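# Structural overview for review
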Amino acid sequence: MSQTQLRTRARASVEYEHQAEKLSLDPNCSVHGDDANGVAVKATFVTPLDPVIVTNDGNRLPSVPVQEAHKINILKARAEGRPHRPKVPRPRGLSRFDVQNVEKNDVNREELLRDDRESETSRLDEALPPSHTHPLFPPLPLYGPPTLLRNLQCLTFRATSAFLSTAFLLVIVLGALFTSIPHLVKHAWLWLTFRDPNGKRIFHEEEKRRAERRKKEETEWLRRKRELSLENRHQQNSSSSTTNPYEPLEGGPDKLVCDIRYYARRVGLDAEEFRVQTEDGFIITLWHIYNPTEYKPSPAVDRRAKSPQVFTDQKDLNQQVQKRYTNGNRRYPVLLVHGLLQSAGAYCANDDDSLAFFLCKSGYDVWLGNNRCGFEPEHSLLQYSDPRMWAWNIRQMGVMDLPALISRVLEETGFEKLGLVCHSQGTTETFVALAKEQRPDIGDKISVFCALAPAVYAGPLIDKMYLKFMRIISPKMFRVFFGIHSFIPLMMIMHRMLPGKVYGFMGYLVFSFLFNWTDTRWDRGIRDRLFQFSPVYVSAESMRWWLGRECFTKQRCILATRESAQQEDVEDESEEERREDAMSDPADRGRTAWYDEHVPPIALWVAGSDDLVDGRRLLRRFERGREPHVNVVHSKVIEEYEHLDVLWAMDAVEQVGKEVRDVLWKTMPEDARSICREISGVVGSSEEGQATDTANGLGTGEA
């Protein structure tokens, strides 16, 4: 080895040490220290634009800018005297306008090439590739390990955001209270004049029947609890199981608690909690709903978080998977993912009409996924106060959280595919993850994607005054107002401190004011319960993606710029061009397609009176052949429904739940259907062909 090569490797080793220090958990850790943990070793790319840092102890640190990730890998390779040719990320599926934006966002290319030229043995193909960024997903900030200066900056942001975000929340609460005064006055007047204030509600009579039934069940539960010992009650449950297979395990007056297991036990089911590690080190919660008469919960040791690797070899599955159910009686797995500021409990708060409990009692194996942070922020290395804990947005939820949840469910159940049901933001992260420049391969693990109130295009609500305020302020001012940690953490403090009824009432007023929701179609007797599972911790960066000036509120779409979407609308309005498109090659019609051949069948339920998102526009995109690979197996527009009615309306089981149940069965792989139990209430097999229509002839619902 020549002296020049030795000097080059020595210089690279020093630079690698500095770069690793910059990306490590602690700046005082040495790359060569055997007893140090959290030391950055290399970067691994989940997608070409989503690198995470691998540490010496096998843990992961969250996403860093592409430029920094490539730099540590190049320096590591040079220090070890081996070549390294990083792949240049090339976003696909972008319009000409989008590509121009990508080119404008190339950063520091000359600076990186200059470093490369300093070595006599360097080659241009080893130079760091330009840091392309998708125009809809600007790069996240790089905070680096804690130092005195960084800690002071964090404290400054936390102090300013604590004051300003609390003031912002106070304005919202006062606005909600003020706008509710006319309704409260009208309600009081009807009551004082001996008229029923709720008499004109759509489901008034059904609400009264349900209230009477709940009261009767509470009284019966309390009576039995007084009269029977624990042993006698167990015997009665066992003897009555033939007449009532779902004997309640909890009862009495509703405690109004944030506990999925409690509400599952009230309807004769039960739940167990799994911990799942994402590829960037976050620990998230996965709930499993089951029938306690036929399933024994997994030991706590088996429900712990495992390796951050996803979709590992499924051949060495735990033998316990195969023993849970015999062939012909196995349950097909279904994963449910919640919306923005919500948790998995949104699927469990409506007694037997809850979608999770309805699907479980129909015969499915139901799993409920939560996104990162949730009610208890947790990471394998980072703490709550570290800003790196909160440097994520919808992109990371899609390419990290969703695959981790799907992988764990498939591992626990032993199936090759599952059914995926998402609401609102859950549909967003799925549509993002399935895009061909993200993680399209996860589509091969999904038998059908059921999207409830799909959040792809923005609705008119985006132009409300308080949302415009968040859009007009600069990214720097956004961080001053809302910090670089969790978004308005005071909401979580109020959630813990306020009594259930007070919090439920305030939660409804605030969210109704913000998002134009009403309880017109809900069971008002359990409305306070519905808000016990929200809000949750979300990052300020995530809310900036939704509401800031750069991303969703500007582009009004999750996967296309506003200009390119407008151009497509102009093309679609031309009858002549549409006829030409219909006769052209599918590859040409899908020149700006977001999805490739990996995309699973899709079913959509659109809320027709939803001001938050525009589901009809997504349907039009599929109808007009913009996505030649998408197979829409079912679509339905429910004109009278608002954004949350697809989950909480009193007729949601009839309008949505039963159709979801049927679509899941009809799209199930044949080999899975042969070993799974029949689903109760599903339409006959002779109608299964209706569930395989193409996007050119939308499915069985109303479009």
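Since this is a predicted model, take the numbers as computed values, not measurements. (Residues numbered from 1 in each chain as written. Predicted model: local features only at pLDDT ≥ 70, side-chain atom pairs only at ≥ 80, totals over all residues. Heavy atoms only, no water.)

This paragraph deals with the overall build of the protein. Within the protein, the regular secondary structure consists of 26 helices and eleven strands. Counting all 703 residues of the protein, 58% fall into the buried class. Partitioning the intrachain contacts of the protein with sequence separation of at least 6 by distance along the chain shows that 75% fall at a separation of at least 24. Accessible area for the protein stands at about 30,800 Å²; split by element, carbon and sulfur atoms hold 53% of it. (Helix = DSSP H or I, 4+ residues; strand = E, 2+ residues; numbered from the N terminus. Buried < 20%, exposed > 50% of the residue type's maximum accessible area, 1.4 Å probe, protein only. Contact = heavy atoms within 4.5 Å. Areas by Shrake-Rupley, 256 points an atom, 1.4 Å probe, with all protein chains shown as cover.)

With numbering aligned to this structure, UniProt lists the feature "transmembrane region" (unreviewed entry) at residues 162–185. Helix makes up 100% of residues 162–185 and strand 0%, whereas the separation of the span's terminal C-alpha atoms amounts to 34 Å. (UniProt positions renumbered as here; feature names shortened; annotations may be inferred.)

Before going further, it helps to spend a moment on unusual backbone geometry. The amide bond that connects S534 to the next residue, P535, takes the cis arrangement and shows omega of -5°. The phi torsion at F194 lies on the positive side, around 60°, for a residue other than glycine. Notably, I488 is not glycine yet its phi reads approximately 45°, a positive angle. If you trace the backbone, I488 turns up in the loop between α14 (475–482) and α15 (490–497).

Relative to the helices and strands, V448 is located in strand β9 (residues 446–452). On a C-alpha basis, the gap between V448 and P669 in space is 9.9 Å, while along the polypeptide they are 221 residues apart.

Moving on: the packing of helix α1 (residues 3–23) against helix α2 (residues 66–79). The geometry of α1 relative to α2 is characterised by a closest axis approach of 8 Å and an angle of 145° between their N-to-C directions. When the axes of α1 and α2 are compared, the crossing they make is left-handed. Of the residues in α2, those touching α1 at R9, A12, S13, E15, Y16, Q19, A20, K22 and L23 are E68, K71, I72, L75, K76, R78 and A79. In the contact of α1 with α2, the residues fall into seven nonpolar, two polar and seven charged. (Axes fitted to C-alpha atoms, helices over the stretch in contact; angles between N-to-C directions. Left-handed = near helix turned anticlockwise from the far one by under 90°. Nonpolar A, V, L, I, M, F, W, Y, C, P; charged D, E, K, R; others polar.)

With that settled, the discussion passes to helix α12 (residues 425–434). Most of α12 is tucked away, with ten of its ten residues classed as buried. Along α12, the residues that are buried comprise Q425, G426, T427, T428, E429, T430, F431, V432, A433 and L434.

For the rest of this paragraph, the subject is the packing of α14 against helix α18 (residues 540–547). Orientation of α14 relative to α18, taken along the N-to-C sense of each, is 130°, at an axis distance of 11 Å. In this view, α14 runs oblique relative to α18, as classed from their interaxial angle. The crossing of α14 and α18 is right-handed. Contacts between α14 and α18 involve P475, F478, R479 and F482 from the first element and A540, E541, M543 and R544 from the second. By residue class, the composition of the contact of α14 with α18 is five nonpolar, no polar and three charged. (Parallel < 35°, antiparallel > 145°, perpendicular 65-115°, else oblique.)

On the surface, L148, L152 and L155 cluster together to form a nonpolar patch covering roughly 340 Å² of accessible area. Position of L152 among the secondary structure elements: in helix α5 (residues 148–192). (Patch = residues over 30% accessible without salt bridge, like charges linked within 9 Å, V, L, I, M, F, W, Y side chains within 5 Å. Salt bridge = Lys/Arg side-chain N within 4 Å of Asp/Glu carboxyl O.)

Here the structure, examined in full by the defined rule, presents 48 salt bridges. Note that D270 is salt-bridged to R261, the shortest N-O span being 2.7 Å. A residue is classified by how much of its surface remains accessible, and D270, at 4% relative accessible area, is buried. Notably, a salt bridge pairs R388 with D386, separated by 2.9 Å at the nearest N-O pair. This pair shows no difference in class: R388 is buried, exactly as D386 is. A single salt-bridge network, built from bridges that share partners, covers R201, E207, D519, R524 and R527.

As a further point, take α18. Most of α18 sits inside the fold, with eight of its eight residues counted as buried. Listed in full, the buried residues belonging to α18 are A540, E541, S542, M543, R544, W545, W546 and L547.

Time to look at the pairing of strand β4 (residues 270–277). Consecutive residues of a regular strand have side chains that alternate between opposite faces of the sheet. The buried count for β4 comes to seven of eight residues, which makes it a mostly enclosed element. Across eight bridges, β4 lies against strand β5 (residues 283–290) in antiparallel orientation. Paired with Q277 across the bridge in β5 is I283. What sits between β4 and β5 in their antiparallel hairpin is a turn of five residues, with G281 showing a positive phi close to 95°. (Pairing = 2+ DSSP bridges.)

Burial runs high along strand β10 (residues 602–607): six of the six residues are buried. Burial along β10 is two-sided: the residues I602, L604 and V606 and A603, W605 and A607 are all buried. Note: β9 against β10, four bridges, orientation parallel. Within the sheet, the bridge partner assigned to A451 lies in β10 and is L604. Here β10 runs beside strand β11 (residues 632–638); their pairing, made up of six bridges, is parallel.

Time to look at the sheet that holds strand β3 (residues 60–61). Taken in spatial order, the three strands make up an open sheet running β1-β2-β3, and their pairing is antiparallel. Sheet topology places β1 (40–47) and β3 at the edges, where each strand pairs with a single neighbour. Relative to strand β2 (residues 50–55), β1 runs antiparallel, the two being bridged by six bridges. Opposite A40, over in β2, you have T55 as the bridge partner. Along the sheet face, α2 touches β1 and β2 and points at about 130° away from the line of β1. In the packing of helix α11 (residues 394–413) onto the sheet, the strands contacted are β1 and β2, and the crossing angle to β2 comes to about 65°.

Taken as a whole, this structure holds 31 aromatic pairs when the rule is applied. Ring geometry for F137 versus W545: centroids 5.9 Å apart, planes at 10°, classification stacked. Taken together, the positions of F137 in the loop between α4 (109–117) and α5 and W545 in helix α18 put the pair 408 residues apart, joining distant regions of the chain. Under the relative-accessibility criterion, F137 is labelled buried at 4%. Between the aromatic rings of F168 and F469, the centroid separation amounts to 6.1 Å while the plane-to-plane angle is 25°, which identifies the pairing as stacked. Taken together, the residues span a long stretch of sequence, with F168 in helix α5 and F469 in helix α13 (residues 465–472) at a distance of 301 residues. Every member of this aromatic cluster is reached through a ring pair, and the members are Y508, F511, F515, W517, W522, F531 and W648. (Phe/Tyr/Trp six-rings, centres within 6.5 Å; stacked < 30°, edge-to-face > 60°.)

When pLDDT is averaged across the protein, the result is 84; 82% of the residues are at 70 or more. Between residues 238–242, whose pLDDT stays under 50, and residues either more than four places distant or in other chains, the model counts one contact. Throughout residues 685–703 the model reports pLDDT below 50, and contacts reaching past four residues in sequence, or to other chains, amount to 44 contacts. (pLDDT = per-residue confidence, 0-100.)

Moving on, we get to the side chain of E659. Assignment of secondary structure puts E659 in helix α25 (residues 652–666). Not counting the four nearest positions on each side in its chain, E659 is found in contact with W605, H634 and K636.

Turning to the state of the cysteines, a few remarks are in order. Overall, the coordinates contain zero disulfides when judged by the stated rule. C422 forms no disulfide, and the closest cysteine sulfur to it belongs to C450, at a distance of 8.9 Å. The class of C422 is buried, set by a relative accessible area of 0%. (Disulfide = S-S within 2.5 Å.)

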